[in-house]
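What follows is the residue order along each chain.
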Amino acid sequence: MTTLARAWTRKRAALAATLAVAALASGCGIGGASDDGDTVRVYTGRHYGVEHAFAQFTEETGIEVDFLFGNDAELRERIEAEGEDTQADVYMTVDAGNLAVGAEQGMFQPTDSEAIDAAIPANLRDPEGLWFGLSVRARTIVYNPAEVSPDELSTYEDLADPRWKGRLCMRNSPNVYTQSLVASLIAHHGYDEALRVVKGWVGNDTDIMATDVLILEAISQGACDVGITNHYYLAREYAEDPEFPVELVWANQADRGVHMNVSGAGVARHADNPELGRQLIEWLATDGQGIFVDGNHEYPANPEVPAEPLITERFGTDFRRDDLAAATFGGLNADAIRLMDEAGYA
Ligand code: FE
């Protein structure tokens, strides 16, 4: 049933995307010039629960939201190709790597908002106001409690130790989550030491997988003992099955803390309605923070907003978080890709 449910969710998402494209096409005239001042248009690489948040925003403000789902590289290409005629007021995506690459490619214009700056800690947003982290995800160590004691687990670096040989599952290198984790290793240790760690993972015959869900399933089925995933994938498993036989530990608690990433958004460079874009992002950072974040079992980016009960109860909120600026490791994305290539990490 789990697989069926997932397939259905994907179908619904695909349908929503089709409808969103239709809405964009009909809502905007030739050249993309918009005369309806009460619609904000969002190109989003984030798929998790955004419909509910946008519907609530419309209910509270009267501002309609048209949105287009897509894969990030395609959305960025589209925004670039559309240039000044783009329909995007806001580009939303997951991972500081995607946000930083978008900023480098000139996707965004700076937004000056005291409300956002007050709501979102400085390390979770771009220093120039090009993008803002709106939810927070920990990428941490997960394990099979039948095979591993949590005392045996400590750091990402320790997973390079030969005692983990043949016991690890990790995410593939084209994935931006992997790239950002490796970028954080570069930021903390320098390129050469980060390379040594990643070579250690490779040397442990780590099983490289295409999704975080596959990693959790492999661990639950005993195919590997330990992996690294974003916390919310495990929360999703617990939401379906509280007895799901995988647990997490927060990585690197004795030193810098667990790697924290964001999903976020910025006002598009050629937005027709930058003001509405700013209003939407402000709302997501404040009044809409709970609905936006809880839709994907994430931690709030706004420290004034409590986390949802599921993750509070299963994972807690009192753990050491790596406060490395998202813009810093996001900006090291290309270096991380090069490093993994050099290390032979697939
Ligand atoms: Fe994800």
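Criteria and cut-off values
Residues numbered from 1 in each chain as written. Predicted model: local features only at pLDDT ≥ 70, side-chain atom pairs only at ≥ 80, totals over all residues. Heavy atoms only, no water. Salt bridge = Lys/Arg side-chain N within 4 Å of Asp/Glu carboxyl O. Helix = DSSP H or I, 4+ residues; strand = E, 2+ residues; numbered from the N terminus. Buried < 20%, exposed > 50% of the residue type's maximum accessible area, 1.4 Å probe, protein only. 1 Å grid on protein atoms, 1.4 Å probe; cavity = no way out; pocket = protein on both sides within 12 Å on 5 of 7 lines; lining within 4 Å. Points joined across faces, edges and corners; volume = space filled by probe spheres on them. Nonpolar A, V, L, I, M, F, W, Y, C, P; charged D, E, K, R; others polar. Donors = N, O, S within 2.8 Å, 3.2 Å for Na, K, Ca; no water. Tetrahedral: all angles 85-135°; square planar, octahedral: opposite > 155°, others 65-115°. Arc of directions from axis to C-beta. Contact = heavy atoms within 4.5 Å. Axes fitted to C-alpha atoms, helices over the stretch in contact; angles between N-to-C directions. Parallel < 35°, antiparallel > 145°, perpendicular 65-115°, else oblique. Left-handed = near helix turned anticlockwise from the far one by under 90°. Pairing = 2+ DSSP bridges. pLDDT = per-residue confidence, 0-100.

S.K.: Whenever I open this one, the pattern of salt bridges confuses me. Can you help?
M.R.: Opposite charge on two side chains permits pairing when their charged atoms draw close. As enumerated under the stated definition, the model contains 18 salt bridges in all. Taking the shortest distance from any N to any O, the salt bridge between arginine 137 and glutamate 298 comes out at 2.6 Å. In this pair, arginine 137 sits in strand S4 (residues 132-143) while glutamate 298 sits in the loop between helix H11 (289-294) and strand S10 (299-300), placing the two residues 161 residues apart along the sequence. Taken individually, arginine 137 and glutamate 298 each receive the classification buried, so the pair is uniform in this respect.

S.K.: Any chance you could explain empty space enclosed by the protein here in plain terms?
M.R.: Empty space left among the atoms is revealed by rolling a probe the size of a water molecule over them. Scanning the model with the defined rule gives 1 cavity of 30 Å³ or more in all. Within this model, the largest cavity holds a volume of roughly 40 Å³. Together, Arg139, Met170, Arg171, Thr178, Leu181, Trp201, Ile228 and Tyr345 line the largest cavity. Residues of the lining of the largest cavity, tallied by class, amount to 5 nonpolar, 1 polar and 2 charged.

S.K.: Would you explain the coordination of the iron ion in this entry?
M.R.: Ideal values for angles at a metal depend on the geometry: 109.5 degrees with four tetrahedral donors, 90 or 180 degrees with six octahedral donors. For the iron ion, every protein donor is listed as Tyr48 (OH), Tyr177 (OH), Tyr232 (OH) and Tyr233 (OH), and the spread of their distances is 1.9 to 2.1 Å. Taken together, the 4 donor atoms surrounding the iron ion define angles of 91 to 123° at the centre, an arrangement classified as tetrahedral. One chain supplies every donor to the iron ion, and in sequence these donors are spaced Y-x128-Y-x54-Y-Y. Note that tyrosine 177 is positioned in helix H6 (residues 176-189) and tyrosine 233 in helix H9 (residues 231-240), a separation of 56 residues in sequence. Under the relative-accessibility criterion, tyrosine 177 is labelled buried at 5%. When its relative accessible area of 10% is taken as the criterion, tyrosine 233 is described as buried.

S.K.: Where do I start with helix H14 (residues 333-343) in this structure?
M.R.: Three or four residues apart is the spacing at which side chains of an α-helix point the same way, because the helix has 3.6 residues per turn. All buried positions along H14 are accounted for by Asn333, Ala336, Leu339, Met340 and Ala343. All buried residues of H14 project into a common sector of 120° when viewed along the axis, lining one side. Facing away from the buried side of H14 by more than 90 degrees, the exposed set consists of Ala334 and Asp341. Looking at the buried residues of H14, the elements they touch are helix H4 (96-104), H6, helix H7 (191-203) and helix H13 (326-330). Taken from the residues just after H14, glycine 344 is the one with a positive phi, measuring 75°.

S.K.: What's the story with the packing of H6 against H7 in this structure? I'm lost.
M.R.: Helix-helix packing is characterised by the crossing angle of the two axes and by the distance between the axes. Taken N-terminus to C-terminus, the directions of H6 and H7 make an angle of 135°; their axes are 7 Å apart at the nearest point. On the basis of the axis angle, H6 is oblique to H7. Our pair here, H6 against H7, has a crossing hand that is right-handed. Across the interface between the two elements, Leu181, Val182, Leu185, Ile186 and His189 of H6 pack against Tyr191, Glu193, Ala194, Val197, Val198 and Trp201 of H7. Partitioning the contact of H6 with H7 into residue classes produces 9 nonpolar, 1 polar and 1 charged.

S.K.: For this particular structure, what's the right way to read the pairing of S4?
M.R.: Sheet faces and side chains relate simply in a regular strand, where the side chains alternate between the two faces. Most of S4 is tucked away, with 12 of its 12 residues classed as buried. Where S4 and strand S9 (residues 259-267) come together, 7 bridges link them in antiparallel fashion. Its bridge partner being in S9, phenylalanine 132 is matched across the sheet by alanine 265. Relative to S10, S4 is paired through 2 bridges, and the arrangement is antiparallel. If you follow valine 136 over to S10, its bridge partner there is tyrosine 299. With 5 bridges connecting them, S4 and strand S7 (residues 226-230) associate as antiparallel partners. Bridging from a neighbouring strand, valine 142 pairs with glycine 227 of S7. Pairing of S4 with strand S8 (residues 247-249) involves 3 bridges; the strand directions are antiparallel. Pairing of valine 142 across the sheet is with leucine 248, part of S8.

S.K.: Which parts of the structure should I look at to understand the environment of leucine 284?
M.R.: Here leucine 284 lies in helix H10 (residues 274-285). Judged by its relative accessible area of 0%, leucine 284 falls in the buried class. Each residue touching leucine 284, except ones within four places of it in the same chain, is listed here: Ala53, Met92, Leu134, Gln289 and Phe292.

S.K.: Is there a simple way to explain the confidence of the model for the protein chain in this structure?
M.R.: Detailed reading of the predicted model is not advised wherever pLDDT is low. Counting all residues, the mean pLDDT for the protein chain is 91, and 89% of those residues have values of 70 or more. In the model, residues 1-35 has pLDDT below 50 throughout and makes 33 contacts with residues more than four positions away in sequence or in other chains.

S.K.: Which parts of the structure should I look at to understand unusual backbone geometry?
M.R.: Both trends apply: most residues other than glycine have a negative phi, and most peptide bonds are in trans. Here the phi dihedral of aspartate 95 falls at roughly 85°; this positive angle occurs in a residue that is not glycine. Tracing the backbone through its elements, the reader meets aspartate 95 in the loop between strand S3 (90-94) and H4. A positive phi is found at histidine 297, a non-glycine position, where the angle reads about 55°. Topologically, histidine 297 is positioned in the loop between H11 and S10.

S.K.: Looking at this structure, how should I read the layout of surface pockets?
M.R.: Approximately 320 Å³ is the volume attributed to the second largest pocket. For the second largest pocket, the lining is made up of 19 residues, of which Leu124, Val136, Pro300, Ala301 and Arg321 are closest to its centre. Within the lining of the second largest pocket, the residues separate by chemical class into 13 nonpolar, 3 polar and 3 charged.

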